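Structure at a glance
Residues per chain are reported as follows:
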Amino acid sequence: APSMAKKSTRKAPRASARRAKPAARSARPAKSAPFDAKAAMEHAITSLDFAREMTLKLLTDWPKNKLAHQFSPADNHPLWTLGHLGTSAEWFASVLDKKAGPSAKLNATFGGGSKPSANPKDYPSLAKLITLYNAGHQRLVNALRNTKDPLAKPDAKMDWLRDGLHAAEMAIWHEGWHAGQLSTLRRQHGLPGVM
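Heads up: these notes are all about the structure in this document. (Residues numbered from 1 in each chain as written. Predicted model: local features only at pLDDT ≥ 70, side-chain atom pairs only at ≥ 80, totals over all residues. Heavy atoms only, no water.)

1. As for the overall build of the chain
Of regular secondary structure, the chain possesses six helices and zero strands. The order of α-helices and β-strands along the chain, N terminus first, is α-α-α-α-α-α. When burial is assessed residue by residue, the chain has 38% of its 195 residues classed as buried. Summarising the internal contacts of the chain: among those between residues at least 6 apart in sequence, 75% fall at separations of at least 24. Taken as a whole, the chain presents about 13,000 Å² of accessible surface, with 57% of it coming from carbon and sulfur. (Helix = DSSP H or I, 4+ residues; strand = E, 2+ residues; numbered from the N terminus. Buried < 20%, exposed > 50% of the residue type's maximum accessible area, 1.4 Å probe, protein only. Contact = heavy atoms within 4.5 Å. Areas by Shrake-Rupley, 256 points an atom, 1.4 Å probe, with all protein chains shown as cover.)

In structure tokens, the structure reads:
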């Protein structure tokens, strides 16, 4: 049967009228600013300061009789960790400021390859270790901030240390690594989280 629908009297729009208008020409992207190594170093120092604050926060309510306690011989307890981080910061700083690094005694007790002792008498007091830790941190911050060219290769035998900015990044990573260990020990001691 023939369709009873009325034919539309409206004309279909021409093909050219149906086309979308071309988008307005976008402006050329602005040229990116050159990399500012000094500004990047300041960002790194801010991160290093934050890492230090978190490390100290992890220790605020630590039981005084558990500062050298190890749940296993592999645990890096607070007394060793503070000394190790302070000693490491001194080493990082010495690479940049060309001054003497940590003493042989500090390296033997806290340097790379040293192992934590469960005997608290093997360590200075907590107050002295915090002073050592803070002094190492401040020396490192000064060395980083006073580096003339953060992208220059430091005069160091450690070929993995590419430049001053890399030294800052490695120091931040190292601090976070050990703070994470303290965080795990806090949970084992039943202490609350700090974040």
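On we go from here.
2. Overview of the packing of aromatic side chains
Scanning the model with the defined rule gives four aromatic pairs in all. Members of the aromatic cluster, connected to one another through ring pairs, are Trp91, Phe92 and Trp160. (Phe/Tyr/Trp six-rings, centres within 6.5 Å; stacked < 30°, edge-to-face > 60°.)

3. Examining empty space enclosed by the protein
Tallying each qualifying case throughout the model produces one cavity of 30 Å³ or more. Each pocket or cavity is described by its volume, and for the largest cavity that value is around 100 Å³. The wall of the largest cavity is formed by Leu48, Leu85, Gly86, Ser88, Ala89, Phe92, Tyr133, His137, Leu140, Ala171, His174 and Glu175. Broken down by class, the residue content of the lining of the largest cavity amounts to seven nonpolar, four polar and one charged. (1 Å grid on protein atoms, 1.4 Å probe; cavity = no way out; pocket = protein on both sides within 12 Å on 5 of 7 lines; lining within 4 Å. Points joined across faces, edges and corners; volume = space filled by probe spheres on them. Nonpolar A, V, L, I, M, F, W, Y, C, P; charged D, E, K, R; others polar.)

4. Examining the environment of Asn107
Mapped onto the elements of the fold, Asn107 is located in helix H4 (residues 104–110). Look at Asn107 and you get partly exposed, because its relative accessible area is 36%. Once residues lying within four places of it in the same chain are set aside, the contact partners of Asn107 are Thr87, Pro102 and Ser114.

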